[in-house]
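# Close look at the chain arrangement
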Amino acid sequence: MRLMKRCCVNVEASTLAEHTLHATKVSHLLSELCKSHHSLMQTKQLHALIIRTHLVYDPFFATKILGFYSINSDVLSARKQFDKTPNRSIYLWNSMIRAYAKVHKLADVFSLFTLMIKSDIRPDNFTFACIIRSCSENFYLNGLRLVHGRTIISGLGFDSISNSALVTAYSKVGLVNEASQVFCRSPDPDLVIFNSMISGYGYSGLWDRGLKLFKEMQIMDKKPDGYTLIGLFSGLSGTGLLKIGQGLHGCCLKTSFDSVVYIGSALLSMYSRCNCLNSALRVFESLSQLDLVTWSALITVFSRSGDYQNALVYFKRMNTEGIKPDFVLIATVLSACAQSAILGPGSEIHGYILRNGFESDITVTSSLIDMYSKCGFLTLGIQVFEIMPHRNIISYNSAISGLGLYGFADKAFNLFDDLLERGLQPDESTFSALLSACCHSGHVKEGRDFFRRMRDEFAIEARTEHCVHMVKLLGMEGELEEAYNLILSLEEPVDCGIWGALLSCCDFHGNSELGEIVAQKLLENSPRKSVYKVMLSNLYAVNKRWVDVEKLRDNMVRKFPGVSWIGANTI
């Protein structure tokens, strides 16, 4: 009898110990799951712990672990977890849709959305908001309108979150009138949708309409917040709008919004777009608290203005003060390294990327490809591309551009075929990279074919850079008349860069007759630009028209000799 009691006590003690251990593991799990970020390796370790504690089928834990896989762009592992979870909550569905949207897998977003509609779970406003954002990010207009219709059918036509997402999405794809219609049909627009519409006008450069709505908002006793001012700032660009920006800055000072960190970041960006870097720096120095957003704004200001040296200097300063960069800032700094052709800081940042698990982010790896290519290390750039677990159109564009820059046009063409086979949709940048590759290698036939396919097969309108590449390709191969006719077929006014490309080809081939016609067009639009006069002067000299050379050079502005600067590989 005593032996039986002793055995029961031991069993109870063992069970209690197991429960205590289980509770400790769950408590540890919860504390880890409350963190905002884990590397892919840490996520897999957490997943293993969840499996061991038999919590893998719990919707809460499943949603959390799926979210961490999504942060690391591992959608395959995220989908496996989703498929294995029997009782899927709305949060799990939304997390999986967000995971696909994050890596721009729009087909998978719609496929999962269709499954969701057929299931017992009804999409909510956050579901629609996520899909709407994904459509706008991928410029999928038909999908955007389809989801808009589905939102109305689901009874969310007047929902603030859905309508705010629609206003922002329509604005970002250039359909600001549609965005305005959604806004006007909202029966009682709240502050969120007002801010979305003001930001929408800002995206579209319609700053005056944004200001008008801002005044209407005040008449309706809708008190603006910091995001309202950010929307107003976003529409201001160029020195002509500096005074309006300074006036809005004054509003910030009166309402004490200027001390708010994210407002300071918006002010920095606004002053940079208005070409007032000194004011941007003064705003930065006046802020008492500097977070990642503020540092990112200043570094982006330097990068946009072409001051890549200071962009790298302030990036190092930020690191020494213990602020960790995110993937967006890393991509910006890598772009600065690429533009300044400085490999040292770029390779150091590559090391940081590997140590902190950012190598799974497509934006970062695409920037790495671009950086290595422009710094003279194409092989390293292509190696980065080849080991990428997931590729999107941006990464393909970076690789095609790099290969074309070094004259490997055939390899660039093969990559284009590969992206089509994978079901990716080429964009304007893809064809710009392909036409540039044709230019560097003299592939006229292929260039003509890509230019035609861009318009006829993929419905992409030719932009200035496409026309410049095409004119240069034809012109350098001696097809000057075809290049000239191409320009004449374009809508007026034709960008000076396109005429300039043809003039440089006339200069190369010594065709002064056509060169004079082209130069006349250029000088009508840019009479003070001496580079065109220099090319025309060279044409006259080739044809021994010395009197014309003398007349042209007498009217030219004298320039001081330039200087060169060769920098080291470190900042």
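Reading the values: the criteria
Residues numbered from 1 in each chain as written. Predicted model: local features only at pLDDT ≥ 70, side-chain atom pairs only at ≥ 80, totals over all residues. Heavy atoms only, no water. Helix = DSSP H or I, 4+ residues; strand = E, 2+ residues; numbered from the N terminus. Contact = heavy atoms within 4.5 Å. Axes fitted to C-alpha atoms, helices over the stretch in contact; angles between N-to-C directions. Parallel < 35°, antiparallel > 145°, perpendicular 65-115°, else oblique. Left-handed = near helix turned anticlockwise from the far one by under 90°. Nonpolar A, V, L, I, M, F, W, Y, C, P; charged D, E, K, R; others polar. Salt bridge = Lys/Arg side-chain N within 4 Å of Asp/Glu carboxyl O. Disulfide = S-S within 2.5 Å. pLDDT = per-residue confidence, 0-100. Buried < 20%, exposed > 50% of the residue type's maximum accessible area, 1.4 Å probe, protein only. Polar contact = N/O pair within 3.5 Å; in protein donor to acceptor, adjacent residues only side chain to side chain. Arc of directions from axis to C-beta.

## With respect to the side chain of D74
- The residue D74 is located in the loop between α3 (59-71) and α4 (75-84) in this model.
- Setting aside residues no more than four positions away along its own chain, D74 makes contact with L40, K44, Y69 and H390.

## What about the packing of helix α22 (residues 378-386) against helix α23 (residues 393-405)?
- Taken N-terminus to C-terminus, the directions of α22 and α23 make an angle of 155 degrees; their axes are 10 Å apart at the nearest point. Of the possible angle classes, the one that applies to α22 and α23 is roughly antiparallel. Here α22 and α23 pass one another in a crossing that is left-handed. For the pair α22 and α23, the contacting residues are L378, I382 and F385 in the first and S395, Y396, A399, G402 and L403 in the second.
- For the contact of α22 with α23, the class distribution of residues is 6 nonpolar, 2 polar and no charged.

## Structural notes on the pattern of salt bridges
- Applying the stated criterion to the full structure yields 11 salt bridges.
- Residue E348 is joined to K316 by a salt bridge in which the shortest nitrogen-to-oxygen separation is 3.8 Å. Of this pair, E348 sits in helix α20 (residues 343-355) while K316 sits in helix α18 (residues 308-320), and the two are 32 residues apart along the sequence.
- The partner of R448 in a salt bridge is E482, with the nearest N and O atoms 2.9 Å apart. Of this pair, R448 sits in helix α26 (residues 444-456) while E482 sits in helix α28 (residues 480-488), and the two are 34 residues apart along the sequence.

## Here's the deal with the state of the cysteines
- If you walk through the whole model with that rule in mind, you get 0 disulfides.
- Of all cysteine sulfurs in the structure, the one in C337 sits closest to C375, which takes part in no disulfide; the separation is 6.7 Å.
- Here C505 is not cross-linked by a disulfide; its sulfur's nearest cysteine counterpart is in C506, at 7.0 Å.

## Looking at the confidence of the model for the protein
- Of the residues in the protein, 86% have a pLDDT of 70 or more, and the chain-wide mean is 83.
- Averaged over each element, pLDDT in the protein is lowest for helix α1 (residues 2-33) (51) and highest for helix α24 (residues 409-421) (95).

## Overview of the environment of R282
- Its place among the elements puts R282 in helix α16 (residues 277-286).
- For the pair R282 and L268, spaced 14 residues apart in sequence, the C-alpha separation works out to 9.0 Å.

## Description of the environment of A341
- Within the secondary structure, A341 sits in the loop between α19 (327-340) and α20.
- Remark: the alpha-carbon pair of A341 and S373, spanning 32 residues in sequence, is separated by 9.3 Å.
- Aside from chain neighbours lying at most four places away, what touches A341 is K374 and C375.

## Points about the side chain of S73
- Note on placement: S73 falls in the loop between α3 and α4.
- For S73, a relative accessible area of 3% translates into the label buried.
- At 3.1 Å, the side chain of S73 and the side chain of K102 are in polar contact.

## Describing α22
- Buried within α22 we find L378, G381, I382, V384 and F385. Around the axis of α22, the buried residues are gathered within 155 degrees of arc, so they sit on the same side. Among the exposed residues of α22, those pointing more than 90 degrees away from its buried face are T379 and E386.

## Structural notes on the environment of A338
- The topology assignment puts A338 in helix α19.
- Through-space distance from the C-alpha of A338 to that of K374 is 5.4 Å; in sequence the pair is 36 residues apart.
- In contact with A338, other than residues within four places in its own chain, are D370, M371 and K374.

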